[in-house]
Amino acid sequence: MIRRSLQQAADMIGPDATLSSDNIGEIVINGVTIDSRKIQQGNLFIPFKGDKTDGHQYVEAAIQNGAAASFWQKDVPNPPQHLPLIYVSDPMTSIQSLAKSYRNELDLKVVGITGSNGKTSTKDITTNLLSLKYKVQKTEGNYNNHLGLPLTVLSLEEDTDIAVLEMGMSGRGEIDFLTKLAEPDVVVITNIGESHLQDLGSREGIAEAKLEILNGLKKHGRIVYFGDEPLLSAKIPSIKKQGAESCSFGLEDINGLYPFEIEESSTGSKFKINRSDNEFNLPILGKHNILNALAAMLVADYFDISYEKMNEGFQNLKLTNMRMELLEGQDGLKIINDAYNASPTSMRAAINVLQSLPGFKHKVLVLGDMLELGPDEAMFHYGIGETIDAAAIDYVFTFGELGRHIAEGAKKVFGDDRVQSFLDKNELINALKKVVDGDTAVLVKASRGMRLEEVVKALQ
């Protein structure tokens, strides 16, 4: 993590930053935090002034609890002048400037990952593969936006070889900012889905926003992209970005890297690729995760890790929680917890995993609202329901106002008896417990705001 004196930190931020007194410049900060409840010794505390709360009221307590110093927004009155402070006009832009300066001082490589779905899983797999040869740090949790990415950069150790950074967005210009701060050597675009249609209007608009990640790519870098997506395959090969090479992955054999002889089971997948004679064992569920693995493999290849060695990186792989997480429930019930987020693309992929999963007498779907889909949200939900295979799934349970449309679509192929829709989570849980047993696999999937992990916990 960043370790600098207050004077060095102020210089890194720029001329807007000033110290509260002349005698504090030699104080050393170790890392930064925005949460006064999570202060570690020597941290620089960053307070933000919001509509309902003002972090400045916690500055004194933060320093008492071990923080070395704090930002103080210049227009906030009554700064505690007896404390070591860095005065700034805007804490947000100042922490971004500090992170940008710190990144420029570090001798490391950066991988930037974006996409509508699969960013976090690809980040996790990439980190495992690169760790075979390098010291690697990655974005933790969902620290992938205009605040989270700077915090991630400031958490990097100075001897880190490669940083794997997730880049999220909700509108145009956001990826552009993140990639120019991070200056990646390799960029990955996992896919183009329907997330953020509410803000961007069309899949074409989403593709344009994701392609902003190229704007920060370093000279002679690599562009890794999902070649089965026409919105990417039509544009990326023609983009001449400072001598960058483009490498596609996908299920189709037109791609630079593609799988074949795929075997899926309840413990993961086996597959071969066109660039190696090896068979690969991926201990996570879903064909979509094979695609995420292919993207990670192209990144590892750029950093001179052989395909023959990559199976070692797949061993003991564990994805971030609530992403196709296979859990044990009561009496041997199996639960696939994919409740972190959802879009039509990721929901169809997860449903396909359950439908093709061998070894279970009964299979049950628990699906909730997919958010931020714009004016056609009802149609997207209905479409999910009517494409579920009634021969492969026993029951469909939905939760939420939009989930009702999934139920309506499902009833078209299931009839009424095997589909139930709920607005009360406890009622859903009670109904669900009546139809599951030790021979059942349950998939739980929805956008994060629906908090369907509560259903998972109830089943456990």
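Details of the structure are given in the entry above.
Overview of the structure. What you see is a predicted model, and the numbers here were worked out from it, not measured in a lab. (Residues numbered from 1 in each chain as written. Predicted model: local features only at pLDDT ≥ 70, side-chain atom pairs only at ≥ 80, totals over all residues. Heavy atoms only, no water.)

### A word on the layout of surface pockets
Reported here for the second largest pocket is a volume of approximately 560 Å³. Of all the secondary-structure elements, those providing two or more residues to the lining of the second largest pocket are strand E4 (32–33), strand E9 (136–138) and helix H5 (148–154). Looking at the lining of the second largest pocket, the element that brings in the most residues is H5, giving 3 residues. Within the lining of the second largest pocket, the residues separate by chemical class into 7 nonpolar, 8 polar and 4 charged. (1 Å grid on protein atoms, 1.4 Å probe; cavity = no way out; pocket = protein on both sides within 12 Å on 5 of 7 lines; lining within 4 Å. Points joined across faces, edges and corners; volume = space filled by probe spheres on them. Helix = DSSP H or I, 4+ residues; strand = E, 2+ residues; numbered from the N terminus. Nonpolar A, V, L, I, M, F, W, Y, C, P; charged D, E, K, R; others polar.)

### Observations concerning helix H3 (residues 91–105)
Between its first and last C-alpha, H3 extends 21 Å over 15 residues, near the 21 Å set by a 1.5 Å rise per residue. Buried residues of H3: Pro91, Met92, Ser94, Ile95, Gln96, Leu98, Ala99, Ser101, Tyr102 and Arg103, and no others. Put simply, Asp90 is the residue that caps the front of H3, since its side-chain oxygen is 3.1 Å from the backbone nitrogen of Met92. (Expected span 1.5 Å × (residues − 1). Buried < 20%, exposed > 50% of the residue type's maximum accessible area, 1.4 Å probe, protein only. Polar contact = N/O pair within 3.5 Å; in protein donor to acceptor, adjacent residues only side chain to side chain.)

### Focus: the side chain of Glu166
You can see Glu166 is positioned in strand E10 (residues 162–166). In this structure the side chain of Glu166 is engaged in a polar contact, spanning 3.0 Å, whose partner is the side chain of Asn144. In contact with Glu166, not counting residues within four places along its chain, are Ile113, Lys119, Thr120, Lys123, Thr139, Asn144 and Leu149. (Contact = heavy atoms within 4.5 Å.)

### Brief notes about empty space enclosed by the protein
Empty pockets left among the atoms are what a rolling probe the size of a water molecule brings to light. Applying the stated criterion across every chain, the model contains 1 cavity of 30 Å³ or more. Computed from the structure, the largest cavity encloses a volume of approximately 40 Å³. For the largest cavity, the full set of lining residues is Glu264, Ser265, Leu285, Gly286, Val353, Ser356, Leu357 and Pro358. Secondary-structure elements contributing two or more residues to the lining of the largest cavity are strand E14 (259–265) and helix H12 (344–356). Considered class by class, the residues forming the lining of the largest cavity number 4 nonpolar, 3 polar and 1 charged.

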